[in-house]
Amino acid sequence: MKRISSFERLVFGRLGRDPAISTEQIRSQAGELAEKNAAQEIPQEHCSRRHRCMKERDGISTDRECNRFKPILWTCLLIFFVFIAFSPVAFVYRNHLAWKCFAYKNDLIGVFEAPTKLAPQAVVPNSWRAHTLGKIRISFPSDFTREAPGELLFSGQSGKLIIHPHEISNPLLDPDLIHAKAISTDSKDYTWPLLRFEIYQADVEDFRWSMTNREVLWHTYCATLRCDSEGQEVEGLFRDDLDGIILFDGQDARFEWQSGPCGLKGMIVFVGESDPIDKVWVRTICRSMSLDCSPKSGVN
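For clarity, every value in this text was computed on a predicted model and none was experimentally measured. (Residues numbered from 1 in each chain as written. Predicted model: local features only at pLDDT ≥ 70, side-chain atom pairs only at ≥ 80, totals over all residues. Heavy atoms only, no water.)

A. A look at the packing of aromatic side chains. A full pass over the atoms with the stated rule returns 8 aromatic pairs. Aromatic pair Phe-207 and Trp-209: ring centres 5.5 Å apart, planes at 75°, arrangement edge-to-face. Centroid distance Phe-270 to Trp-281: 5.6 Å. Interplanar angle 80°. Geometry classified as edge-to-face. Residue Phe-270 is located in strand β11 (residues 264-272), and its partner Trp-281 is located in helix α7 (residues 279-288); the two are separated by 11 residues in the primary sequence. The two residues Phe-270 and Trp-281 agree in class, both being buried. (Phe/Tyr/Trp six-rings, centres within 6.5 Å; stacked < 30°, edge-to-face > 60°. Helix = DSSP H or I, 4+ residues; strand = E, 2+ residues; numbered from the N terminus. Buried < 20%, exposed > 50% of the residue type's maximum accessible area, 1.4 Å probe, protein only.)

B. Main features of the nonpolar core. Counting residues in each nonpolar core, the largest one holds 28 residues, and the members touching the most others are Leu-161 and Phe-270. Among the secondary structure elements, those contributing two or more residues to this core are β3 (136-140), β6 (159-163), β9 (243-249), β10 (252-259), β11 and α7. At 4 residues, α7 tops the list of elements feeding residues into this core. Not counting the four nearest positions on each side in its chain, Phe-270 is found in contact with Lys-160, Leu-161, Gln-251, Asp-252, Ala-253, Phe-255, Ile-277, Trp-281, Val-282, Ile-285 and Cys-286. In terms of nonpolar packing, the next biggest core, distinct from the first, is built from 10 residues, Leu-194, Ile-199, Trp-218 and Tyr-221 among them. (Core = buried A, V, L, I, M, F, W, Y, C linked by side-chain atoms within 4.5 Å. Contact = heavy atoms within 4.5 Å.)

C. Broad picture of the side chain of His-219. By the element assignment, His-219 lies in helix α6 (residues 213-225). Ignoring sequence-local partners within four residues, the contact set of His-219 consists of Trp-99, Asp-203, Val-204, Asp-206, Phe-207 and Met-211.

D. Molecular detail of unusual backbone geometry. Residue Pro-276 is bonded to the preceding Asp-275 through a cis peptide linkage, with omega at 5°. Structurally, the position occupied by Pro-276 is in the loop between β11 and α7.

E. Representation of helix α3 (residues 94-105). Here α3 spans 16 Å end to end across 12 residues, near enough to the 16 Å set by a 1.5 Å rise per residue. Those residues of α3 not exposed but buried are Asn-95, His-96, Trp-99 and Ala-103. The buried residues of α3 all sit within an arc of 100° when viewed along its axis, so they share a single face. Exposed residues pointing more than 90 degrees away from the buried face of α3 are listed as Cys-101, Tyr-104 and Lys-105. (Expected span 1.5 Å × (residues − 1). Arc of directions from axis to C-beta.)

F. Region of interest: the pattern of salt bridges. Within this structure, the stated rule accounts for 9 salt bridges. Among the salt bridges present, the one from Asp-189 reaches Lys-181, with a minimum N-O distance of 2.8 Å. When the shortest N-O distance is used, the salt bridge between Arg-254 and Glu-256 registers 2.8 Å. Owing to a relative accessible area of 29%, Arg-254 belongs among the partly exposed residues under this scheme. (Salt bridge = Lys/Arg side-chain N within 4 Å of Asp/Glu carboxyl O.)

G. Region of interest: the sheet that holds strand β12 (residues 290-291). Strand order across the open sheet formed by 3 strands is β2-β3-β12, with antiparallel pairing between neighbours. A single partner strand is all that each edge strand has here, and the edge strands are β2 (129-133) and β12. With 2 bridges connecting them, β3 and β12 associate as antiparallel partners. Looking at β12, one finds that Ile-136 is bridged to Leu-291. Sheet strands in contact with α7 are β3 and β12, and its direction is about 150° off that of β3. (Pairing = 2+ DSSP bridges. Axes fitted to C-alpha atoms, helices over the stretch in contact; angles between N-to-C directions.)

H. Representation of the state of the cysteines in the model. All chains considered together, the criterion is met by 1 disulfide. Put simply, Cys-262 and Cys-293 are joined by a disulfide, and their sulfur atoms are 1.3 Å apart. Placement of the pair is Cys-262 in the loop between β10 and β11 and Cys-293 in the segment after β12, with a sequence separation of 31 residues. In this structure Cys-293 comes out as partly exposed when scored by relative accessible area, which is 42%. (Disulfide = S-S within 2.5 Å.)

I. Highlighting the environment of Ser-229. With respect to the helices and strands, Ser-229 occurs in the loop between α6 and β8 (232-238). Sequence-wise, Ser-229 and Asp-249 are 20 residues apart; in three dimensions their C-alpha atoms are separated by 8.0 Å.

J. Structural context of the packing of α3 against α6. At their nearest, the axes of α3 and α6 sit 9 Å apart, and the two run at 20° to each other. By the angle between their axes, α3 is roughly parallel relative to α6. As α3 packs across α6, the resulting crossing turns out to be left-handed. Contact residues: Arg-94, Asn-95, His-96, Trp-99 and Phe-102 in α3; Asn-213, Val-216, Leu-217, His-219, Thr-220, Ala-223 and Thr-224 in α6. (Parallel < 35°, antiparallel > 145°, perpendicular 65-115°, else oblique. Left-handed = near helix turned anticlockwise from the far one by under 90°.)

K. Fine view of the pairing of β11. A one-sided burial pattern is seen for β11, the buried positions being Leu-264, Gly-266, Ile-268, Phe-270 and Gly-272 and the unburied ones Lys-265, Met-267, Val-269 and Val-271. With 2 bridges joining them, strand β7 (residues 167-168) and β11 adopt antiparallel strand pairing. The partner of Glu-167 across the bridge, within β11, is Lys-265. The hairpin turn running from β10 into β11, its antiparallel successor, is 4 residues long, and Gly-263 in that turn takes a positive phi close to 65°.

What follows is the structure in structure tokens.
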């Protein structure tokens, strides 16, 4: 009887066959089984090697990605901490920074700013003649006459002047003047001439980082409303009965006035014969002006 090797017994056990079958069949089936096992083992070994290689490669790739994003991460952290550190400072100086941006955007540095001062005193000559025009009392040189009856246009050797009809205006009820009082540094009652005079007095170069937020807001407000023309000069005239501002501009001048007690405002336009206009002549006429606030006074 033929001896059966241990390999054949193993094959018999795997195949569940009778040992009595022929050796050729056994070897044929054993070869098929070995090829099948090899086909299964090789992919497993290949897959494990591939998996290991992929893990190594992914590890290198991950390290590279981390190295690449580390500078970005540190930059973001630095920006975050700087933002946290400077946020309180930026909040405190928010109006200062807004003013600097406004001045830079509008190119306000070095712009022309009209010289501003209080109008010097002037004495009305005795030769001048006084006129009553409605509620206005004013004196002109004696050679000044009306261009036409009923008109408020007068002319003489020094030039011409036009007295615009006055209108009712209570500065205490004007919403723009109320707003100006609310944001001003001293919260005082304004008339339009007084407000405009302070606006002209606020120069762009007056800004200081040591200003309070309210001072910066007032500075920005004045700079926003200020409108200067080249060669212009500004003078203020302030009395208990009226406030006025004189704007000299070459051959022309304009006197804008407003009276809180009378609740009136108006304007006088001057056109001089010389260039520049005679400022003494203009100041004297403006200082001679007074108002009659009685309800019986009317318009001539």
